[in-house]
Amino acid sequence: MRFLDRALGALRFHRRAYLGELFGILVFTCTSLFLLTCQNNITVMRQGFLSRLDQFDHSAVTQAASLIRTVKHTYATLAQSYQWGWWGLLVALAGISFALTLWAGRQRQGETTAYLLVGKSPWDIAAQYLLESLIVYAAGFTLVWLSVTLIGTSLGSQLSQFTNTAFTRTLTAALSGTTAAQDLEALMHAHLTSFSGPGLLAPGAGPQPQVPLNGGLRTLLAGALALLGGQGAALCLTLLLARRRLHP
Amino acid sequence: MPLFQSNTTKTFQAQVRQLFTPADLYFIYCANLSALETCYRQYIQAFMANGARKSLGLITPTDTGVVPYLSVRNNLLINGRTKDLALIPDAFRRDLLQADVPATALTVTQTLYLQLFRGVVAGREFLLMHDFPARMTLQERRDFLNVAATSVRARGTSLILLTQDENLITAHPATSWTTAPQLSDATA
């Protein structure tokens, strides 16, 4: 009986549970792509802002130091929030995978015992269960990625707009109105060359890339690692207990 | 270490072989269910402790080792070996293997046959069987033992049946024990 046939048979048999996992993976992939795209947009905007600063003379930049510091800090804060959000998402994926695999271990106790009884090694059993999950993960990721590539052309610009709005909102909250207006006016009087595009502080996320969302590969690899890590740890525990129960 | 483990396994298997040779049906009497369970567990542990788990197949009505989402055929070949399927009687092959019946559809008696043939087809040297389930009739038990005897003799496998049925012991005095022989630990 081939390894892959067993995994495919199990996928069909536990299809309801795996449909649930597929839904979870769709949510994870979309959220991860959203966070990584926003983070990338912030980086591009920050880069644009810095290159525009180069178009002012040194004294003007020094005069508006407080404003510039606040803008840079806002960029850094937002980028960090997206980064932490992404790491949090990965930890959540690993934690939920761990918990659900422990629960599924109880549901699959009979099956696990069956494999142990016919002499399959715990590694072999764990590898089969992980492969099943990986197949579902790959399917979920592919589904999201194809959707993004095929019908998500407007998604990129919407996310750029979203990032811009989020930045403006955060910056407005951080700036004191009068000082900011004065600093901005001082800067605008001192610019050496004109720059194209709206906004000095939030220059936009740049030209649209071919694929409207960023972080596809990072999402794929990090998600797979988090999923396998969480499930692998739970499977080690489950199989150890199953083996002990069978042959104490 | 691997060499040492290999020698341990070989010594243990030689000891077990001395007890259960030639390939046939062997009967061990257990006075009650508790004694039978203990003996069943001790024998499995002895094989495991001596690295000989792969030479042992199990037949039990409770922990059947049947994977529910695999067909009977795939359950039979779960160990990845496609050795001689001719050892399996025509009736079993026609009804269950060719029709590719799902394993969940098997009765308890059919499950025992599946475990028997799985062990035989996988080339397990010893099959350890936990007594017949109470619901099996005398005729069904007799049929099972006849089929098992033919299959294990043809393959060179020894089937060790732990039983509370004294009649089986008296009917097979040459291959029966009234007290379970100890499987000594070769590592000791």
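To be clear, the structure that these remarks concern was listed above.
Owing to the predicted nature of the structure, the values given are computational and were not obtained by experimental measurement.

## What to know about the nonpolar core
One finds Phe20(B), Leu128(B) and Leu162(B) to be the most contacted residues of the largest nonpolar core, which totals 39 residues. Not counting residues up to four positions away in its chain, the partners in contact with Leu128(B) are Tyr40(B), Tyr43(B), Ile44(B), Leu56(B), Gly57(B), Leu58(B), Ile59(B), Ile160(B) and Leu162(B). The next biggest cluster of nonpolar side chains, apart from the first, holds 38 residues, and it includes Tyr137(A), Leu159(A), Leu213(A) and Leu227(A).

## Description of the interface of chain A and chain B
The partner chain B presents 22 residues to the 21 residues of chain A that form the contact. There are zero salt bridges connecting chain A and chain B. Between the two partners, chain A and chain B, sit eight residue pairs in polar contact (both at pLDDT 80 or more). Among the elements that line the side of chain A that touches chain B, the one with the most residues is helix H5 (residues 109-117) of chain A, at six residues. Of the residues contributing to the side of chain A that touches chain B, the split by class is 10 nonpolar, six polar and five charged.

## Brief notes about a nonpolar patch on the surface
Residue and element names in this part refer to chain A. A grouping of Phe98, Leu102, Leu237 and Leu241 is seen on the molecular surface, where their side chains present a nonpolar patch of about 320 Å² in accessible area. When contributions to the nonpolar patch are tallied by element, the ones reaching two or more residues are helix H4 (65-107) and helix H9 (216-246). If you trace the backbone, Leu241 turns up in helix H9.

## Brief notes about the side chain of Ser133(A)
Residue and element names in this part refer to chain A. The residue Ser133 is located in helix H6 (residues 122-151) in this model. Given a relative accessible area of 1%, Ser133 falls into the buried group. Residues contacting Ser133, with those up to four places away along its chain left out, are Tyr18, Glu21, Leu227 and Gln231.

## Structural notes on the pattern of salt bridges
If the charged atoms of two oppositely charged side chains come close together, the side chains can form a pair. Considering all chains together, one arrives at five salt bridges over all chains under this definition. With its nearest N and O atoms 2.4 Å apart, the salt bridge here joins Arg17(B) to Glu125(B). Linking Arg17(B) in helix H1 (residues 2-19) with Glu125(B) in the loop between helix H5 (108-121) and strand S3 (126-130), this pair joins segments that are 108 residues apart in sequence. Among the ionic contacts, a cluster of salt bridges with common partners joins Arg108(A), Glu111(A) and Glu132(A).

## Concerning H5(B)
Residues and elements named next belong to chain B. With 14 residues, H5 extends 20 Å between its outermost C-alpha atoms, agreeing within 8% with the 20 Å of an ideal straight helix rising 1.5 Å per residue. Within H5, 12 of the 14 residues are buried, leaving the element largely enclosed by the surrounding structure. The complete set of buried residues in H5 reads Thr109, Thr111, Leu112, Tyr113, Leu114, Gln115, Leu116, Phe117, Arg118, Gly119, Val120 and Val121. Two residues or fewer after H5 comes Gly123, characterised by a positive phi angle close to 75°.

## Remarks on unusual backbone geometry
With omega at 5°, the peptide bond leading from Thr21(B) into Pro22(B) counts as cis. As for its placement among the helices and strands, Pro22(B) is situated in the loop between H1 and strand S1 (25-29).

Quick notes on the rules
- Residues numbered from 1 in each chain as written.
- Chains lettered and ligands numbered in written order.
- Predicted model: local features only at pLDDT ≥ 70, side-chain atom pairs only at ≥ 80, totals over all residues.
- Heavy atoms only, no water.
- Core = buried A, V, L, I, M, F, W, Y, C linked by side-chain atoms within 4.5 Å.
- Buried < 20%, exposed > 50% of the residue type's maximum accessible area, 1.4 Å probe, protein only.
- Contact = heavy atoms within 4.5 Å.
- Salt bridge = Lys/Arg side-chain N within 4 Å of Asp/Glu carboxyl O.
- Polar contact = N/O pair within 3.5 Å; in protein donor to acceptor, adjacent residues only side chain to side chain.
- Helix = DSSP H or I, 4+ residues; strand = E, 2+ residues; numbered from the N terminus.
- Nonpolar A, V, L, I, M, F, W, Y, C, P; charged D, E, K, R; others polar.
- Patch = residues over 30% accessible without salt bridge, like charges linked within 9 Å, V, L, I, M, F, W, Y side chains within 5 Å.
- Areas by Shrake-Rupley, 256 points an atom, 1.4 Å probe, with all protein chains shown as cover.
- Expected span 1.5 Å × (residues − 1).

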